[in-house]
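Chain residues, written in single-letter form:
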There are 2 protein chains.
Amino acid sequence: MVKAREDVSKLTVGRMAVYYNTLKKMKDEGEVLFASNKLSKRTGIASSVIRRDLAYFGGFGTKGVGYEVDYLLSWIGHIMGYNTVWRAMFVGNDIPTTGIGNYRELLPPGFEFAAIVDLDKRNGGYKVPGMQLTINPPASLEKLIRSHHISIGVIAVPYKQAQKVVNSMVKAGIKGIANFSAVSVCVPEHISLSQMNVTSCLSQLSYSLSTGLAEKYPCSTKNII
Amino acid sequence: MVKAREDVSKLTVGRMAVYYNTLKKMKDEGEVLFASNKLSKRTGIASSVIRRDLAYFGGFGTKGVGYEVDYLLSWIGHIMGYNTVWRAMFVGNDIPTTGIGNYRELLPPGFEFAAIVDLDKRNGGYKVPGMQLTINPPASLEKLIRSHHISIGVIAVPYKQAQKVVNSMVKAGIKGIANFSAVSVCVPEHISLSQMNVTSCLSQLSYSLSTGLAEKYPCSTKNII
């Protein structure tokens, strides 16, 4: 288990995920060392914030030299739990129409979908394009979590069914849930929960429109924080 | 137009939205003055981060006294563009089933839905429970944006249709788009875009599971950042 500072904010964690993805791209491009202002330009996050975030977990940079890409990648990966395998289940509704899209494409390192459930039982047996998985009917949800040793549930379901799906997952022994449904859900204290944030997403818009600061990288997912 | 610091990060903006909502609740509970550690306890964000964020836009606190709830609310509202009216359009698919839920409940101050469009034209004419709005068919999207002076689009549609909806909105003169579909979309440089972030949401889970720091307020939306 990683020793973590208890007071680290969720937003720092969110930024660490952005750093990790950007550093990975920099590594692929052959970079070995970098200065914080380079990471700043690519992520849209201020250099001062980047230096503070990285120092927060132990201070990795050498003044006048910068940071080592490789070392930082492995260290952030360690902090973020990316070096563990997280077996996840995706639960959607009418997946052949709505798609898995970003839920698969933007999966952090270490995460893998081990099972997929569609609340519409008529979609049972459908093979998801580009994945080695077949859709399961809702009745098999709890059994699958147990038999596939699934620890994380990712749900994007109609609002009336969200809490019910969460309850089944908790009953089957899930450890964490990411909820992308259009409604907030409740979990017992020992379960981790992460929900998409409508208020924050819309506040970004009103802020950027009222200040006249439009997004600088509108087509890139790397800057979506 | 608000004068903004160009280097403020999206995450600071996200936190400001959280502060605003929490302060509003504190005001309703009769609080007039507060110390940063009180806001920290209620939001889960470190006191040092809160003090830095607030100082960033101008320094509001008095040492040993704290911050004034009223003053801070109006100031954050000004910075965030909450004092402007943002006329928004929601575009979903099969809204009678999927619901508007959080898209309405977690709307920041200043935002109001002026029109709703369902990609399934069979739902045209449906009255959304609890709202004074009737669902419009997809063909009327562009016309509605123009006639209702809509500046912000909120979309949660199947992945195959997301970019098409965005293109129509841009063509009709929308200023900003919040995309909650399971796929990233592209917009021209002058349009603001905010997309839900699957990577960050899941990274929160792996971080919290690998450090053993479970969420402290699992049933509250106020801490979802």
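This one's a predicted model, so the numbers in the text were calculated from it and none came from an experiment.

Parameters at a glance
- Residues numbered from 1 in each chain as written.
- Chains lettered and ligands numbered in written order.
- Predicted model: local features only at pLDDT ≥ 70, side-chain atom pairs only at ≥ 80, totals over all residues.
- Heavy atoms only, no water.
- Helix = DSSP H or I, 4+ residues; strand = E, 2+ residues; numbered from the N terminus.
- Buried < 20%, exposed > 50% of the residue type's maximum accessible area, 1.4 Å probe, protein only.
- Contact = heavy atoms within 4.5 Å.
- Areas by Shrake-Rupley, 256 points an atom, 1.4 Å probe, with all protein chains shown as cover.
- Phe/Tyr/Trp six-rings, centres within 6.5 Å; stacked < 30°, edge-to-face > 60°.
- Expected span 1.5 Å × (residues − 1).
- Arc of directions from axis to C-beta.
- Pairing = 2+ DSSP bridges.
- Axes fitted to C-alpha atoms, helices over the stretch in contact; angles between N-to-C directions.
- Salt bridge = Lys/Arg side-chain N within 4 Å of Asp/Glu carboxyl O.

**Description of the overall build of chain A**
- Helix and strand counts for chain A come out as nine helices and eight strands.
- Taking all 225 residues of chain A together, 57% fall into the buried category.
- Across chain A, contacts joining residues at least 24 apart in sequence account for 57% of those joining residues at least 6 apart.
- Of the roughly 9,700 Å² of accessible surface on chain A, 52% is carried by carbon and sulfur atoms.

**A closer look at the packing of aromatic side chains**
Residue and element names in this part refer to chain A.
- In the structure shown here, the tally under the stated rule is eight aromatic pairs over all chains.
- Taken together, a centroid distance of 4.8 Å and an interplanar angle of 75° make the contact between Y20 and Y82 edge-to-face. Remark: Y82 occurs in the loop between helix 4 (69-80) and strand 3 (86-92) and Y20 occurs in helix 1 (residues 10-28); sequence separation between them is 62 residues.
- Relative accessible area serves as the criterion here: at 9%, Y20 is assigned to the buried category.

**Topic: helix 4 (residues 69-80) of chain B**
All names here are of chain B.
- The terminal C-alpha atoms of helix 4, which comprises twelve residues, lie 16 Å apart, in line with the 16 Å expected from a rise of 1.5 Å per residue.
- Buried residues of helix 4: V69, L72, L73, I76, G77, I79 and M80, and no others. Seen along its axis, helix 4 keeps its buried residues to an arc of 160°; they face one direction.
- Phi turns positive, to about 75°, at G81, one or two residues after helix 4.

**Some details on helix 9 (residues 198-211) of chain B**
Residue and element names in this part refer to chain B.
- An ideal rise of 1.5 Å per residue puts 20 Å on 14 residues; helix 9 measures up with 20 Å between its terminal C-alpha atoms.
- Burial analysis of helix 9 places 14 of its 14 residues in the buried class, which makes it a mostly covered element.
- Immediately beyond the C-terminal end of helix 9, within one or two residues, lies G212, with a positive phi of roughly 75°.

**Overview of the sheet that holds strand 7 (residues 176-179) of chain A**
- Read across the open sheet, the six strands follow the order 5-4-3-6-7-8 (chain A); overall the sheet is parallel. Strands with a single pairing partner mark the edges of an open sheet, and in this sheet they are strand 5 (135-136) and strand 8 (192-195) of chain A.
- In terms of strand pairing, strand 3 of chain A meets strand 6 (residues 152-155) of chain A through four bridges, oriented parallel. For A:V91, the partnering residue across the bridge sits in strand 6 of chain A and is A:I155.
- Docked against the sheet, helix 8 (residues 159-171) of chain A engages strand 3, strand 6 and strand 7 of chain A, running at close to 170° with respect to strand 6 of chain A.
- Sheet strands touched by helix 9 of chain B: strand 3, strand 4 (111-118), strand 6, strand 7 and strand 8 of chain A. Its angle to strand 8 of chain A, the strand with the most contacts, is close to 165°.

**Digging into the sheet that holds strand 3 (residues 86-92) of chain B**
- Pairing within the open sheet is parallel, and its six strands lie in the order 5-4-3-6-7-8 (chain B). Unpaired on one side and paired on the other, strand 5 (135-136) and strand 8 (192-195) of chain B mark the two borders of the sheet.
- Contacting strand 3, strand 4 (111-118), strand 6 (152-155), strand 7 (176-179) and strand 8 of chain B, helix 9 (residues 198-211) of chain A runs over the sheet at an angle of about 165° to strand 8 of chain B.
- Lying over the sheet, helix 8 (residues 162-171) of chain B contacts strand 3, strand 6 and strand 7 of chain B, oriented at roughly 170° with respect to strand 6 of chain B.

**Brief notes about the pattern of salt bridges**
- Tallied over the entire structure, the rule returns 16 salt bridges over all chains.
- Residue A:R146 pairs with A:E142 through a salt bridge whose shortest N-O separation is 3.8 Å. Separated by four residues within a single helix, A:R146 and A:E142 lie in helix 7 (residues 141-147), roughly one turn from each other.
- Between B:K27 and B:D70 there is a salt bridge whose closest N-O contact spans 3.0 Å. Here B:K27 is found in helix 1 (residues 10-28), whereas its partner B:D70 is found in helix 4, with 43 residues between them in sequence.

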